[in-house]
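Reading the structure
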Amino acid sequence: MAKLVFERNQSLDGYVDHQAFGPPDPSLFRHFTERVRDLAGMVYGRAMYEVMRYWDDDLPDWDAAEREYAVAWRNQPKWVVSRTLKSVGPNATLVADDIEAALRKLKGELAGEIEVAGPGLAQSVAELGLIDEYRIYLHPVVLGRGKPFFAGPRPRLRLVASDLIVEDVIRLTYVPA
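Quick look at the structure, then.

Here is what the cut-offs are and how they apply
- Residues numbered from 1 in each chain as written.
- Predicted model: local features only at pLDDT ≥ 70, side-chain atom pairs only at ≥ 80, totals over all residues.
- Heavy atoms only, no water.
- Helix = DSSP H or I, 4+ residues; strand = E, 2+ residues; numbered from the N terminus.
- Buried < 20%, exposed > 50% of the residue type's maximum accessible area, 1.4 Å probe, protein only.
- Contact = heavy atoms within 4.5 Å.
- Areas by Shrake-Rupley, 256 points an atom, 1.4 Å probe, with all protein chains shown as cover.
- Lys, Arg positive; Asp, Glu negative; His and termini not counted.
- Charge placed at Lys NZ, Arg CZ, Asp CG, Glu CD.
- 1 Å grid on protein atoms, 1.4 Å probe; cavity = no way out; pocket = protein on both sides within 12 Å on 5 of 7 lines; lining within 4 Å.
- Points joined across faces, edges and corners; volume = space filled by probe spheres on them.
- Nonpolar A, V, L, I, M, F, W, Y, C, P; charged D, E, K, R; others polar.
- Pairing = 2+ DSSP bridges.
- Axes fitted to C-alpha atoms, helices over the stretch in contact; angles between N-to-C directions.
- Phe/Tyr/Trp six-rings, centres within 6.5 Å; stacked < 30°, edge-to-face > 60°.
- Lys NZ or Arg CZ within 6 Å of the ring centre and 35° of its normal.

A count of helices and strands for the protein gives 6 helices and 8 strands. Going from the N terminus to the C terminus, the protein shows its helices and strands as β-α-α-β-α-α-β-β-α-β-α-β-β-β. Here the C-alpha coordinates of the protein stretch approximately 45 × 40 × 30 Å along the principal axes. Among the 177 residues that make up the protein, the fraction classed as buried is 44%. Taking contacts inside the protein between residues at least 6 apart in sequence as the whole, the part at least 24 apart equals 70%. As displayed, the protein offers around 9500 Å² of accessible surface, 51% of which is attributable to carbon and sulfur atoms. With 22 positive and 26 negative side-chain charges, the protein shows a separation of 5 Å between the mean positions of the two kinds.

Written out as structure tokens, the structure is:
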């Protein structure tokens, strides 16, 4: 049975504005490439999916690490939760109705971890009681603005792991309490 995991980079003050962090350290970028490679798949809301579609096409100015990430991302199955999109790109499936049934089916059919991407979607999935783990990649920056990691009510959580990923980024892993 698969686990649904919500994980994002986060500032010390709780925001996940991906543009404010800038390009990741090369070691952190390698970590994320391996992380994507190891997933059973990804579930996106419309907005986050549209951001990530950046990786669908090769750009001439990409370096080898960016090309490697793009290949890993493209190879993963993706499910896009949206009532407004009419179609999605390669290796993606549109989920327009009954998100709970679709996610329960994925959890039952797949093995490994399925990433839940985006705070808004994570809030909806958490309200259904379907998120198995939260992973915060904590960066030593204070943004003062952006989208909060937790978009809605704060769930009761229990810390189960903390890992130094690179020199200044710690991954905190929580499960619902």
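Turning our attention to the layout of surface pockets. Estimated volume of the largest pocket: approximately 1300 Å³. In terms of lining residues, the largest pocket is bounded by 47 residues, among which Arg-8, Asn-9, His-18, Val-51 and Met-52 are the most central. Among the secondary structure elements, those contributing two or more residues to the lining of the largest pocket are strand S1 (2–10), helix H1 (18–21), helix H2 (26–38), strand S2 (41–45), helix H3 (46–52), helix H4 (64–75), strand S5 (112–117) and helix H6 (119–127). Here the lining of the largest pocket takes 6 residues from H2, the largest share from any one element. Here the residues of the lining of the largest pocket are counted per class, giving 28 nonpolar, 8 polar and 11 charged.

What follows is about the sheet that holds S5. Pairing is mixed in the open sheet, where 8 strands are placed in the order S4-S3-S2-S5-S1-S6-S8-S7. Strand pairing shows two members of the sheet lacking a second neighbour, strand S4 (92–95) and strand S7 (157–166), which therefore form its edges. Sheet twist, expressed as the average angle between the axes of neighbouring strands with direction ignored, equals 25°. Relative to strand S6 (residues 133–138), S1 runs parallel, the two sharing 6 bridges. Bridged to Arg-8 within S6 is Ile-136. Across the sheet, helix H5 (residues 99–109) touches S1, S2, strand S3 (78–81), S4 and S5, and the angle it forms with S1 is around 110°. Running at roughly 120° to S5, H6 makes contact with S1, S2, S3, S5 and S6 of the sheet.

Per the counting criterion, the structure on display carries 13 aromatic pairs. Ring geometry for Phe-29 and Tyr-69: centres 5.5 Å apart, planes at 35°, overall tilted. Linking Phe-29 in helix H2 with Tyr-69 in helix H4, this pair joins segments that are 40 residues apart in sequence. What makes Phe-29 buried here is its relative accessible area of 14%. In textbook terms, an aromatic cluster arises when at least three aromatic residues are bridged by ring pairs, as seen for Phe-29, Tyr-54, Trp-55, Trp-62 and Tyr-69. In this arrangement the basic side chain of Lys-78 is found over the ring face of Trp-73, its NZ or CZ atom lying 4.3 Å from the centre.

The values reported here are purely geometric and, on their own, carry no functional implication.
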